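Coordinates in review
This is what each chain is made of:
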Amino acid sequence: MRLEQANPFPYDFEVAKTALVLIDMQRDFMEPGGFGETLGNDVSLLQAIVPAAKAVLDAWRQAGGLVVHTREAHCTDLSDCPPAKRNRGNPTLRIGDEGPMGRVLVAGEPGNQIIDVLAPAEGEIVIDKPGKGAFYATALHELLQRRGITHLLFGGVTTEVCVQTSMREANDRGYDCLLLEDCTESYFPAFKAATLDMVRAQGAIVGWTAPGAALLAALRRPA
Ligand code: TIU
C-alpha cells in the first residue's frame, strides 16, 4: 500500500506489518483538571483532532490492523516517577496529587483513562509508560517485534512531547514511522508545525507525515 500524499515522499507499507500507535489520548491531557491543565495549558486545543483520530482508528480496525494505545501513567506509589519529573516547575498539582479526576497521572485513576470515544477495544495493545517515550521502560518494542511489525503510524498528544519522543525512539529502533498530521495536536500550534517540519526534513530523517484522509483513501482502494 502506498500513501502518495506523504511528505517528503510517498510512504509504502503493508497493513499486516504496520501498527497504528495512538499516544496518550487521555483525559489527563484532553480535559480540564488533569495533568495538562496543571502545567498551565489550554487543554481545549486538543479536542480538535478527536474526529480525525476516530475516523482513522475505525478504518484501521476495519482493515484488521494492529492498534497500540499508550498512556502516560505512574504506579500508585510513584516508584516509577523520578523526583526530577515530579518536582519540575510550578504546576498547580503535582503528579500523584489528588485532583478533580483523581490522582494526577496515576494509573487506574479516572483522569488517566483514554477518552471514551477512542477507548481501546478487546485485543488491542495498551502500554502504560512512565516516560514521554513509548519505548522507555515498556515492553512495546518486544511486542511489536513478536508480531513482525516494521512500520508505525503515529497519532496522539502532544506532538512535540510524547509523540515526537516516541517517534524518535521508534526511528532509532528501525521502524519506518509516519505521523498523521491531523491526528496529533499540541498546546502550542507553532510547536506542532515545527515538529511536522523537523520530522520530515532531511529526507525523512525521523519519518514521514501525511493527513489522515490519505490513509483513509489508501485503505478504501481495492488491493
Ligand atoms: N506536557 C505535554 O505537552 N505533554 C506531556 O507531558 N505528555 C505527553 O505529551 N503525553
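Fair warning: this is a prediction, and the values are worked out from it, not measured in the lab.

Some words on the site of the ligand
- Around the ligand sit Asp24, Phe29, Phe35, Leu39, Glu72, Lys132, Val157, Thr158, Val161, Cys162 and Tyr187, and those are all the residues in its vicinity.
- Asp24 places a side-chain nitrogen or oxygen 2.7 Å from a nitrogen atom of the ligand.
- At 2.9 Å, a side-chain N or O of Glu72 approaches a nitrogen atom of the ligand.
- Considered on its own, the ligand offers 290 Å² of accessible surface; in the complex 93% of this is hidden by protein.

Notes on the pattern of salt bridges
- As enumerated under the stated definition, the model contains 14 salt bridges in all.
- Among the salt bridges present, the one from Lys54 reaches Asp58, with a minimum N-O distance of 3.0 Å. Here the residue Lys54 and the residue Asp58 both occupy positions in helix α3 (residues 50-62), the gap between them amounting to four residues, near one helical turn.
- Notably, a salt bridge pairs Glu181 with Arg200, separated by 3.7 Å at the nearest N-O pair. Taken together, the residues span a long stretch of sequence, with Glu181 in strand β9 (residues 176-185) and Arg200 in helix α7 (residues 189-204) at a distance of 19 residues.
- Beyond isolated ion pairs, a larger network of salt bridges with shared partners links Arg2, Glu4 and Asp12.

The rules we used
Each residue is numbered by its place in its chain's sequence as written, counting from 1. Side-chain atom pairs in this predicted model are given and counted only at pLDDT of 80 or more, local residue features only at pLDDT of at least 70, and totals for whole chains, interfaces and linings cover all residues. The side-chain values count all of the structure's non-hydrogen atoms but skip hydrogen atoms and water molecules. The near set for a molecule or strand comprises every residue that places at least one heavy atom within 4 Å of it. Residues adjacent in sequence count toward polar contacts only when both atoms are side-chain atoms; beyond that, a polar contact is any pair of N or O atoms within 3.5 Å, and within protein one must be able to donate a hydrogen and the other to accept it. Residue exposure ignores everything except the shown protein chains as possible cover, and the areas themselves are Shrake-Rupley values with a 1.4 Å probe. Each reported salt bridge corresponds to a side-chain nitrogen of Lys or Arg within 4 Å of a carboxyl oxygen of Asp or Glu. Only runs of H or I of at least four residues qualify as helices and only runs of E of at least two qualify as strands under DSSP, and these elements are numbered from the N terminus.

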